Amino acid sequence: MILGVLGTAKNTGKTTTTNALLKCLSDKPLAITSIGFDGEDLDHITGLPKPKVFVEESTVVATSEMAAKHSTAKLQLLKKLEITTALGPVGIYRVKQPGTVVLVGPHSSNGLLTLAETLRSENIEIFLVDGAINRIVPFQHADFVILAVGASRSTNIDFLFLETKVIIRTFELPLGRGTRKVLKGLISTEKLSMFRGESISVESPMHLLLTEDFAKLEKLLQEIDIAVMRKPKLLCVTINPCYAERRAEGFTLAQIDLSELSKMIERELNIPCLDVVKEEERLCRIVEEEIGKMGTLEGGISP
């Protein structure tokens with residue numbers, strides 16, 4: 001089973017959510033990687049410290065050789081792969097002593113599928129994938145996705161609600177192709193607007209989410225009959241109230257109250273929404289319930 005944690009921006013709580021998942025799934029054969037790079041000590045824009053991904057003994061980690069050397073966890077190389085990254089090829093490691101890891105994983109759908117296929121031979125049951133919305137397309141092959149929303153994206157609650165609502169709407173699009181016109185590749189709102197009144201299929205919800213104009217995308221979703229060829233199930237939304245506030249002397253960590261946003265998401269969008277710091281056990285219950293239905297990676301990965 002591939003479980004993705006998708007952040008709508010940097011510092012929206014992906015790592016906090018991922019660490020909670022690593023804890024509550026620690027009794028299962030578990031692997032982790034990142035679509036792109038995750039694990040720097042400081043945010044390169046604000047200079048504020050970032051949470052680190054912490055892995056327990058026996059966890060399998062897919063990352064580049066250079067990133068493995070910068071991890072505090074003791075890692076044993078199991079296999080080198082021909083998946084290239086800006087920081088060298090990806091290898092599969094097993095954690096021999098617990099610690100933090102720097103994750104540099106595949107940035108393409110083909111790379112993620114190759115990695116998932118390789119992990120079958122390691123008898124991995126849960127494959128955790130961390131990534132942000134600016135590298136979202138590989139998530140089309142996940143079985144489940146958790147959406148991480150936070151104040152670092154915006155402190156405007158109306159904007160956060162609109163963005164979350166539109167993303168959820170794309171995950172609710174029906175599966176199907178039939179006689180529909182099939183559009184391959186990423187679809188901008190400009191291109192999508194050319195198909196008003198038609199019935200189309202796109203590859204996945206992720207192929208529609210390359211816009212900052214979520215109001216326009218929401219309108220187009222109402223005007224066009226759209227289906228998707230594959231999609232993961234969206235399990236829940238997590239919220240992170242913390243953000244970097246700019247002050248005269250630089251950035252400082254601040255937070256806003258997102259409890260009303262959480263209530264709106266649950267009430268109006270009918271999906272669990274939680275603050276992982278306060279509701280870690282609830283997150284675990286949601287994920288474990290779905291794992292019980294799904295089974296193992298062997299039967300879970302999408303073609």
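Residues numbered from 1 in each chain as written. Predicted model: local features only at pLDDT ≥ 70, side-chain atom pairs only at ≥ 80, totals over all residues. Heavy atoms only, no water.

Trainee: So, the overall build of the protein chain: which residues are in play, and what are the values?
Mentor: A tally of helices and strands in the protein chain yields 9 helices and 18 strands. Here the C-alpha radius of gyration of the protein chain, 19 Å, is about what a compact globule of 303 residues would show, namely 19 Å. Here the protein chain holds 303 residues, and 55% of them are scored as buried. Partitioning the contacts of the protein chain with sequence separation of at least 6, the portion at a separation of at least 24 is 75%. Carbon and sulfur atoms provide 50% of the accessible area of the protein chain, an area that totals close to 13500 Å². Side chains of the protein chain carry 36 positive and 39 negative charges; the gap between the two charge centres is 3 Å. (Helix = DSSP H or I, 4+ residues; strand = E, 2+ residues; numbered from the N terminus. Rg over C-alpha atoms; globule rule 2.2 N^0.38 Å. Buried < 20%, exposed > 50% of the residue type's maximum accessible area, 1.4 Å probe, protein only. Contact = heavy atoms within 4.5 Å. Areas by Shrake-Rupley, 256 points an atom, 1.4 Å probe, with all protein chains shown as cover. Lys, Arg positive; Asp, Glu negative; His and termini not counted. Charge placed at Lys NZ, Arg CZ, Asp CG, Glu CD.)

Trainee: I'd love a proper account of the sheet that holds strand β2 (residues 30–34), names of residues and values included.
Mentor: Here 9 strands make up an open sheet; going across it, the order is β6-β7-β5-β2-β10-β1-β11-β15-β18 and the pairing mixed. The two strands at the open ends of the sheet, each matched to only one other strand, are β6 (74–80) and β18 (273–274). Here helix α3 (residues 109–120) sits on the sheet in contact with β1 (2–7), β2, β5 (60–64), β6, β7 (90–97) and β10 (126–132), set at roughly 160 degrees to β10. Sitting on the sheet, helix α8 (residues 280–294) touches β1, β10, β11 (144–150), β15 (233–240) and β18, and the angle it makes with β15 is about 165 degrees. (Pairing = 2+ DSSP bridges. Axes fitted to C-alpha atoms, helices over the stretch in contact; angles between N-to-C directions.)

Trainee: Explain helix α1 (residues 14–24) residue by residue, including any values.
Mentor: Of all 11 residues in α1, 9 are buried, a share of seventy percent or more. Of all the positions in α1, only K14, T15, T17, T18, N19, A20, L21, L22 and C24 are classed as buried.

Trainee: Please set out helix α4 (residues 157–171) residue by residue, giving values where relevant.
Mentor: The terminal C-alpha atoms of α4 lie 21 Å apart, and with 15 residues this matches the ideal 21 Å at 1.5 Å per residue to within 8%. For α4, the complete set of buried residues consists of L160, F161, E163, T164, K165, V166, I167, I168, T170 and F171. As for α4, its buried residues are in contact with β11, α6 (214–223), β15 and α7 (259–269). Capping of α4 at its N-terminal end is provided by N156; its side-chain oxygen lies 2.9 Å from the backbone amide nitrogen of D158. (Expected span 1.5 Å × (residues − 1). Polar contact = N/O pair within 3.5 Å; in protein donor to acceptor, adjacent residues only side chain to side chain.)

Trainee: Quick rundown of the side chain of T8? Include the residues and the values.
Mentor: Along the chain, T8 falls in the loop between β1 and α1. Non-local contacts of T8, meaning those with residues more than four positions away in its chain, are made with I133, L147, A148, V149, G150, R153, E163 and I167.

Trainee: Which residues make up the packing of α1 against α8, and what values go with them?
Mentor: The geometry of α1 relative to α8 is characterised by a closest axis approach of 10 Å and an angle of 65 degrees between their N-to-C directions. Considering the angle they form, α1 stands roughly perpendicular to α8. Note on packing geometry: the crossing formed by α1 with α8 is right-handed. Between α1 and α8, the residues in contact are T17, A20, L21, K23 and C24 and E280, L283, C284, V287 and E288, respectively. In the contact of α1 with α8, the residues fall into 6 nonpolar, 1 polar and 3 charged. (Parallel < 35°, antiparallel > 145°, perpendicular 65-115°, else oblique. Left-handed = near helix turned anticlockwise from the far one by under 90°. Nonpolar A, V, L, I, M, F, W, Y, C, P; charged D, E, K, R; others polar.)

Trainee: Run through unusual backbone geometry, naming residues and quoting values.
Mentor: A positive phi angle, near 85 degrees, is found at S58, a position not held by glycine. Along the chain, S58 falls in the loop between β4 (53–55) and β5. Take S58: its relative accessible area is 42%, and that puts it in the partly exposed class. Within the chain, N270 stands out as a residue other than glycine whose phi angle is a positive 55 degrees. For N270, the position within the fold is in the loop between α7 and β18. Overall, the relative accessible area of 69% leaves N270 in the exposed class.

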